[in-house]
Amino acid sequence: GGQLPSRRVRQGEILRTELLTVFCGLMVAAMTGIGYRTTVQMRVDIDATVAALEGAGNAPALYRASAEQGIVELKLWAVEELAKINDRIYGLPELIRLSKETNQTFMRLRNRTTNVRQFIEGGTNASEGGGKDNPCVFYDTTDAVPLHYDTRILLWRKPDGNESIDVNPPGFHEFGNAVPSYLENGRPAPSCFIHSYQQSGYFGEFLGCPCCRECVIAEVVVDEVLTALPSEADLRKLNQILDAEQAFPDIEALFGKLSQGITKLDEWVSLVNDRSKNVKGVMRTTLQYMDALQFLVWGTSWIALFLLLSGMPANSFKLVYWCLGLGALICGLILFPVFGFGSILTIPYSDLCQGLPKSGGDTSVFLSTFSPTGDLQDVDPSTVALFQDCLTRVDGRLWSIVSMDLGLIKEDLARFDLSRRFEIPKVFETTLNTQVRDLTYAFTNHFDSIARMTSDNKIFGYDSMPSYIGDSGELVFQNGGVIEGSSSDALANVINNILASNMNERQVLNACVLRATTDACRSKDPAVYDPECCPADRFREGQTPARVMYDYSIYKDRLQTLMTEMQTELFIGENQIMEAKRLSTSLEYNITEMVAESLKIVNTISNQLDNIGSCESFNSVYSRVRHPMCERLADSLDSFWVLSFLSACAWLPLFFFLNRTGKIAMLRRGLGKVVDAKKKAREKMKNKVSNLAGDDSTQV
């Protein structure tokens, strides 16, 4: 109310008013700052347009020289780049060599795995198996069907492909119980016998050898790896070499076709140059008034904002109101009029640029203006060709004169495009074994379990013996406690009971060969032990179980030797696979890049030829003139026009907050008549207390 403030303003309202004033001031500063930048850009765009128009006259002479020089450079570049591609295949011979060695390693690993399995499971049973190999077959306990192991999910599958519920399925010897493997001392493997001791002596009864489930898994793993390893023939298919020198005659032949049409278009350059003369005069005139325009439209707003910036910290309501008044003049006399009258220039200029077809745009509407009837068919064909095949085409259409296009150019260069020889990534699916594309996933999934196989594990026969035949006909084994255990039939217990001693396994084994100069228990005799092996005067009736205990030790040592041989090949295979994966990953990257680069080079050659054949000078004249004039200058004019309106609109909310800020500045200067808020509050509370006291008296 009024020129002076009539009420006290709360601190929160003061803060909000000042913040909003600053915010609106910043909006005005931002709009005018951007507007100033548009006028700076407009000056640059006008200079660029004038320079482009002046340079158009040199196009005819530059065109042919540019085309010929471009062909020379293109041929040299193409030969050099194509030759570089062949260097990417350098790792293939090493991968082929390594692939052969890896295959041989896994063949040996397969044999070593079979040796372990046959040693545990036993060999051919001529009487029951007809002299055939007699490995264990693992069956589903529910359906009694043979199972095969799935290395991907680490489970067993039935013949119909469904998963078996058995994690550790029982195994059977296909042709009856196999003949035990024989140890180096000529004795059968003790793991295939039931060992018991009665009062009349020690008895060993053959029942059957254990089935090695882990061996079967290892064999399946190795077989799948051998199947998955790429062959030499597959790898050699990746050996694709480009004949880089052939690029010279191929490019020359293509340029020969293009040369037939080049001479037919040079005459059109002068036409473009002649039609640009009047435009240059208009542009130069505009530049003379640019400085004054910048100050009038944008500089005056900055002066007003400077007044505000000076007045607010000093609580100068005069400077604030000067800012308000100057802003009102700027909006009413400058910004809104500039917006209104500017449309007289901006809108027709935009319409002119919209009428000129863009490079790559539709030229039919523009070309129809050359016809008295408006029918494109009536326009001179050379004029149509000029715009459609040259001036307004990004890729150029000079090749159409000789019935060529970009696709046919690429076809002539197809011999250098490796993407026509490789189908990426399908070509790698069975050829390159990498960490990402793990063709040997079976090996990866089971390496640790095979590497950890040891003869100490009782399931492989050491300290193990058949116990009974189960309900399904499979042998059930006692794993552990055969040599040392709580049972009275444990070999150590039998020996200690006979000798009234307390020896453990290691002590018994040492005592068996204590007197012999050599390991008598390992001397080979298919019928009897060497007398020095666990001598009778030392072990008495415990000699036989002591020798059986020693057989278990020989069995364990032999099994560990076989497992070590297997694992040695396993570790060699692991190193070879890891190296092959490294080489394959590098080769996959190089071949992928090789294919991409060859395609890129073919596309580059094709595009360069197409650009050379797209009347480069004609397209340059048109583009150099139209781009700064219509793509840049038109945008600058439109931006200037719109920002004058937005700057004026940004002032409107600022006027309100400037008025409030001025009143606040007056209050801070002590101007205005306002009621003391604290005094008013005390009087209000006093009246309220009096009213309450009167009400209480009435009630009494």
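Keep in mind that what you see is a predicted model, and the values were worked out from it rather than measured.

Chemist: Could you clarify how one ought to interpret the environment of L652 in this entry?
Modeler: Tracing the backbone through its elements, the reader meets L652 in helix α20 (residues 616-668). Given a relative accessible area of 45%, L652 falls into the partly exposed group. Distance from L652 to A328, taken between C-alpha atoms, is 8.6 Å for residues 324 residues apart in sequence.

Chemist: I'm lost on the pattern of salt bridges in this one. Help?
Modeler: Evaluation of the coordinates by the stated rule reveals 26 salt bridges. Among the ionic pairs, D150 bridges to R157, the shortest N-O distance being 2.6 Å. R157 carries the same exposure label as D150, and that label is buried. Between D250 and R415 there is a salt bridge, with the nearest N and O atoms lying 3.3 Å from each other. Here the residue D250 occupies a position in helix α7 (residues 247-262), and R415 occupies one in the loop between α14 (406-412) and α15 (441-451), the gap between them amounting to 165 residues. For R415, a relative accessible area of 42% translates into the label partly exposed.

Chemist: What should I look at first to understand the state of the cysteines in this one?
Modeler: Cysteine pairs can be linked by a disulfide, which is a covalent bond between their two sulfur atoms. Scanning the entire structure with this criterion turns up five disulfides. With a sulfur-sulfur separation of 2.0 Å, C212 is cross-linked through a disulfide to C215. Taking the torsion about the S-S bond as the criterion, the C212 to C215 disulfide, at about 70°, is right-handed. C215 carries the same exposure label as C212, and that label is buried. The partner cysteine of C512 in its disulfide is C534, sulfur to sulfur 2.0 Å. Residues C512 and C534 are joined by a disulfide whose S-S torsion is about 95°; by sign, that bridge is right-handed. Taken as a pair, C512 in helix α17 (residues 505-512) and C534 in the loop between α17 and α18 (536-539) lie far apart in primary sequence, 22 residues in all. By relative accessible area, which is 0% here, C512 ends up buried.

Chemist: What should I look at first to understand a nonpolar patch on the surface in this one?
Modeler: Together, F336, V642, F645, L646 and L652 line one region of the surface with nonpolar side chains, adding up to about 370 Å² of accessible area. Tallying contributions element by element places α20 first for the nonpolar patch, with four residues. Inspection of the secondary structure assignment puts L646 in helix α20. L646 sits in the partly exposed class, given a relative accessible area of 35%.

Rules and cut-offs
- Residues numbered from 1 in each chain as written.
- Predicted model: local features only at pLDDT ≥ 70, side-chain atom pairs only at ≥ 80, totals over all residues.
- Heavy atoms only, no water.
- Helix = DSSP H or I, 4+ residues; strand = E, 2+ residues; numbered from the N terminus.
- Buried < 20%, exposed > 50% of the residue type's maximum accessible area, 1.4 Å probe, protein only.
- Salt bridge = Lys/Arg side-chain N within 4 Å of Asp/Glu carboxyl O.
- Disulfide = S-S within 2.5 Å.
- Patch = residues over 30% accessible without salt bridge, like charges linked within 9 Å, V, L, I, M, F, W, Y side chains within 5 Å.
- Areas by Shrake-Rupley, 256 points an atom, 1.4 Å probe, with all protein chains shown as cover.

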